[in-house]
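Chain residues, written in single-letter form:
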Amino acid sequence: MLDVAMIERGLEKTGKSKGGLAAAMGVRPGAVSEILGGERLVKASEIIPIMEYLELNLAPIMGRVGAGAVIEPDYEQVPPEGLGDITLPFPIMEETIAFEIVGDSMLPKYESGDVIVVYKDQRHPLSSFYGEEAVVRLKTGERYLKTIERGKSPSVVNLTSFNAKPIVGVKLDWVGEICLSMPKGQLERLRAKSARPRKKGR
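Keep in mind that this is a model prediction, so the values were computed, not measured. (Residues numbered from 1 in each chain as written. Predicted model: local features only at pLDDT ≥ 70, side-chain atom pairs only at ≥ 80, totals over all residues. Heavy atoms only, no water.)

Before going further, it helps to spend a moment on the overall build of the protein chain. Each helix and strand in the protein chain was counted, giving six helices and 10 strands. The long-range share in the protein chain, meaning contacts at least 24 apart out of those at least 6 apart in sequence, stands at 62%. For the protein chain, the exposed surface amounts to about 11,600 Å²; the carbon and sulfur share of it is 52%. (Helix = DSSP H or I, 4+ residues; strand = E, 2+ residues; numbered from the N terminus. Contact = heavy atoms within 4.5 Å. Areas by Shrake-Rupley, 256 points an atom, 1.4 Å probe, with all protein chains shown as cover.)

Right, let's talk about the side chain of E177 for a bit. Its location among the elements puts E177 in the loop between strand 9 (172-176) and strand 10 (178-182). Residue E177 is classed as buried on the basis of its relative accessible area of 18%. Every residue in contact with E177, bar those within four places of it in the chain, is listed here: V117, V118, Y119, R123, H124 and F129. (Buried < 20%, exposed > 50% of the residue type's maximum accessible area, 1.4 Å probe, protein only.)

Along the chain, the position of K146 falls in strand 6 (residues 143-150). Within polar-contact distance, the side chain of K146 engages the side chain of S105 at 3.5 Å. (Polar contact = N/O pair within 3.5 Å; in protein donor to acceptor, adjacent residues only side chain to side chain.)

Let us look at the pattern of salt bridges. Scanning all chains against the criterion turns up 10 salt bridges. Measuring nitrogen to oxygen at the nearest pair gives 3.4 Å for the salt bridge that ties E95 to K13. With a gap of 82 residues between them, E95 in the loop between strand 2 (85-87) and strand 3 (96-102) and K13 in helix 1 (residues 4-14) connect regions that are remote in the sequence. For E95, a relative accessible area of 33% translates into the label partly exposed. (Salt bridge = Lys/Arg side-chain N within 4 Å of Asp/Glu carboxyl O.)

Before going further, it helps to examine the environment of G185. Its location among the elements puts G185 in helix 6 (residues 184-195). Taking the C-alpha atoms as reference points, G185 and D114, 71 residues apart in sequence, are found 8.2 Å from one another.

With that out of the way, let us pick up the nonpolar core. In terms of nonpolar packing, the biggest core is built from 13 residues, with L2, I7, L21, M25, I50, L54 and L56 touching the most fellow members. Breaking this core down by element, the ones donating at least two residues are helix 1, helix 2 (18-25), helix 3 (30-36) and helix 4 (47-53). Counting 12 residues, the second-largest nonpolar core is a separate cluster that includes A67, M106, Y110 and V118. (Core = buried A, V, L, I, M, F, W, Y, C linked by side-chain atoms within 4.5 Å.)

Purely geometric stuff here, so don't read any function into it on its own.
Given below as structure tokens:
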């Protein structure tokens, strides 16, 4: 759901103006201030223009994550700005990043070429992720999409998957909590749709 906090975050992040947002929405300039001040609600017809103008539906693809394949950032050669953005059909509430899945160890749930969106910052302690799938970065730098299992001590974990041997007794540097996953076919349809020229209104 689109709320005031998301609009404020979008204005700050993009550096765009309230006047520009009002123009994108097709409303008078003061309407945006009224929305931000709680004096006016966002209309259903205004959600998509707000979302697209403020880029609230974009998540940067910051590299690839291994589901069986080993992804070593030192050799991946991903530019600092990432590999582009994934355009989602709805606004994202928190700061998120995306990874393209490489490998087949998480079949049938995740396929190579799918994109997984995770929260940029780790918001919960490691122990809260036991038994859950997540994107992880090891202390040694490798990234994986795995299920996190309790290790022999609180400082280490075991990483398991559907179709590969477990990785036992490793230390994690970061846990990317999964926000959503986008199957490869769905991504291709969204990209094709966004590439089509829009009809101009009267």
